Amino acid sequence: MSKMVILGEQIIKSFERLFPNRDAIIPLHEPSFIGEEWDLVKDCLDTGWVSSVGKYVEEFEERIANFVGVKRAVAVVNGTAALHIALKIVGVQNGDEVLIPTLTFVATANAVVYSGAVPHFVDSDEKTLGINCIKLLEYLKENTFLNNGYCYNRNTGRKIAAIVPMHTFGQPVDMDPLLEICNLYNIKCVEDAAESLGSYYKGKHTGSLGEVGVLSFNGNKIITTGGGGAIVTNNNQLADYAKHLTTTAKVPHAWRFTHDDIGYNYRLPNINAALGCAQMEQLPLFIQNKRLLAKNYKEVFQNIEGISFYEEMEFSKSNYWLNILYLDENYRVERDALLDYLNHHGFMCRPVWDPLHSLDIFKGYPKMDLSVANQLSSSIINIPSSPNLIKRGASNV
């Protein structure tokens, strides 16, 4: 029997210990509707307020802002749109470069390109899964210069206007050293908190530490509006600008249609916002269940040779959006075979994304040494992480 099969059997036995009564495939992540979702959505249908105007949009924005601990939230149609507008409102312009992790979902890079800017790929930290601040600082010292207060890439001559730290799978980036780098080089910080609603860095919610942050409410996120996203910030001026751009840059008027900028129809419909309001009421329970699930995973996987369970750092509190198994070096070559084995036996597991610099569409873009990200991409397996898994199986092991 191969070591991959042995490992696969041990992982499956651990899953079955936690979920003894399963009667179907356990998905990677699925939404949970246990509150007032039906009632609030029906209210939209009954009143006819289903599109881009209605009371639930403003209510949802207020609930998000209060939960994250910021002054303002601007709801939009999805997380990618939120990233696009966030980059624009902090001043990213055509031809600028934006530092992003290569180990992130493709939307991070796509939003940069939508802004007319150039993705510049940076390496990851093995402990946080986010941007490696130590390597980044050394890289910037060697490869950039300051001119009139702005940071420029010595090799391309382009301005480096912003950086997008992404809180991978809900695990917070070490933000203090990253913000020090931003201050030193005058680089704007746009936090990609798409996966980290309910995660905290040193007591502060992710997305609230940079100049702006973005959230996602896709169907697989910790709460969902079907599709949807939000821009969060403590800067009222930036929030107003974001709201203006995402609502087609229409100048307020009782009946005229005057537009004073190139705007975007990125508005979140009222019916989606209603779903989000109901989901926000359940968010503390979702986080509680996901953290309990992570605790249980840690227990059942702790003595299995070949893997280790990823835990939050001491400075953070994670929502554990997607739980992570690390493959030891000797097992990485059989990662795909292991994934086939686990999925075949009814447990939906996935690898991390292909590093963006390895995709043909992004080859030739600027990058630093990416050895840690490459290693992580061959080592990470995401395992079932839905909050309702606690109800399916044992609440404790």
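The structure we're discussing is the one just above.
What you are looking at is a predicted structure, and each value in this text was computed from that prediction instead of being measured.

### Focus on unusual backbone geometry
What you tend to see is this: most non-glycine residues have negative phi, and most peptide bonds are trans.
Here is step 1 of the chain: Not every positive phi belongs to a glycine, and Leu129 is a case in point at roughly 70°.
Here is step 2 of the chain: Residue position: Leu129 is located in the loop between β3 (118-122) and α6 (133-143).
Here is step 3 of the chain: The backbone of Asn186 shows a phi angle near 55°, a positive value even though the residue is not glycine.
Here is step 4 of the chain: Here Asn186 is to be found in the loop between α7 (175-185) and β7 (188-192).

### Some words on the sheet that holds strand β12 (residues 307-309)
Here is step 1 of the chain: Here we have four strands laid out as an open sheet, ordered β12-β14-β16-β15, and antiparallel in their pairing. Because the sheet does not close on itself, it has two edges, and the strands there are β12 and β15 (350-351).
Here is step 2 of the chain: Strand direction decides the pairing type here: β15 and strand β16 (residues 380-383), joined by two bridges, are antiparallel. Note on β16: the bridge partner recorded for Pro351 is Ile381.

### Considering the packing of helix α1 (residues 3-18) against helix α10 (residues 335-344)
Here is step 1 of the chain: Look at α1 against α10: their axes get within 10 Å of each other, and the N-to-C directions meet at 40°. Between α1 and α10, the angle falls in the class oblique. Considering the relative orientation of α1 and α10, their crossing is right-handed. Residues Met4, Val5, Leu7, Gly8, Glu9, Ile11 and Ile12 of α1 form the contact with α10, whose own contacting residues are Ala337, Leu338, Tyr341 and Leu342.
Here is step 2 of the chain: Its residues assigned to classes, the contact of α1 with α10 shows nine nonpolar, one polar and one charged.

### Overview of the pattern of salt bridges
Should the charged atoms of two oppositely charged side chains come close, the side chains can pair.
Here is step 1 of the chain: Inspection of the entire model under this criterion finds 16 salt bridges.
Here is step 2 of the chain: Its salt-bridge partner being Asp46, residue Lys42 comes within 2.7 Å of it at the nearest N-O pair. Remark: Asp46 and Lys42 occur in helix α2 (residues 37-47); sequence separation between them is four residues, near one turn of the helix.
Here is step 3 of the chain: Classification of Lys42 by relative accessible area gives partly exposed; the value is 46%.
Here is step 4 of the chain: Of the residues examined, Asp46 reaches a relative accessible area of 54% and is grouped as exposed.
Here is step 5 of the chain: Between Asp123 and Lys135 there is a salt bridge whose closest N-O contact spans 2.6 Å. Of this pair, Asp123 sits in the loop between β3 and α6 while Lys135 is found in helix α6, placing the two residues twelve residues apart along the sequence.
Here is step 6 of the chain: By sharing partners, the salt bridges in this structure join Glu59, Arg63 and Glu281 into a single network.

### Remarks on the packing of aromatic side chains
Here is step 1 of the chain: According to the stated counting rule, one finds 16 aromatic pairs in the structure shown.
Here is step 2 of the chain: With a centroid separation of 5.2 Å and an interplanar angle of 65°, the aromatic rings of Tyr201 and Phe315 are classed as edge-to-face. Of this pair, Tyr201 sits in strand β8 (residues 200-201) while Phe315 sits in the loop between β12 and β13 (316-317), and the two are 114 residues apart along the sequence. In this structure, Tyr201 and Phe315 share a single accessibility class: buried.
Here is step 3 of the chain: The ring of Tyr331 is capped by Lys3, whose NZ or CZ atom sits 4.9 Å from the centre of that ring.
Here is step 4 of the chain: A cation over an aromatic ring shows up here: Lys250 above the ring of Phe257, its NZ or CZ 5.2 Å from the ring centre.

Reading the values: rules and limits
- Residues numbered from 1 in each chain as written.
- Predicted model: local features only at pLDDT ≥ 70, side-chain atom pairs only at ≥ 80, totals over all residues.
- Heavy atoms only, no water.
- Helix = DSSP H or I, 4+ residues; strand = E, 2+ residues; numbered from the N terminus.
- Pairing = 2+ DSSP bridges.
- Axes fitted to C-alpha atoms, helices over the stretch in contact; angles between N-to-C directions.
- Parallel < 35°, antiparallel > 145°, perpendicular 65-115°, else oblique.
- Left-handed = near helix turned anticlockwise from the far one by under 90°.
- Contact = heavy atoms within 4.5 Å.
- Nonpolar A, V, L, I, M, F, W, Y, C, P; charged D, E, K, R; others polar.
- Salt bridge = Lys/Arg side-chain N within 4 Å of Asp/Glu carboxyl O.
- Buried < 20%, exposed > 50% of the residue type's maximum accessible area, 1.4 Å probe, protein only.
- Phe/Tyr/Trp six-rings, centres within 6.5 Å; stacked < 30°, edge-to-face > 60°.
- Lys NZ or Arg CZ within 6 Å of the ring centre and 35° of its normal.

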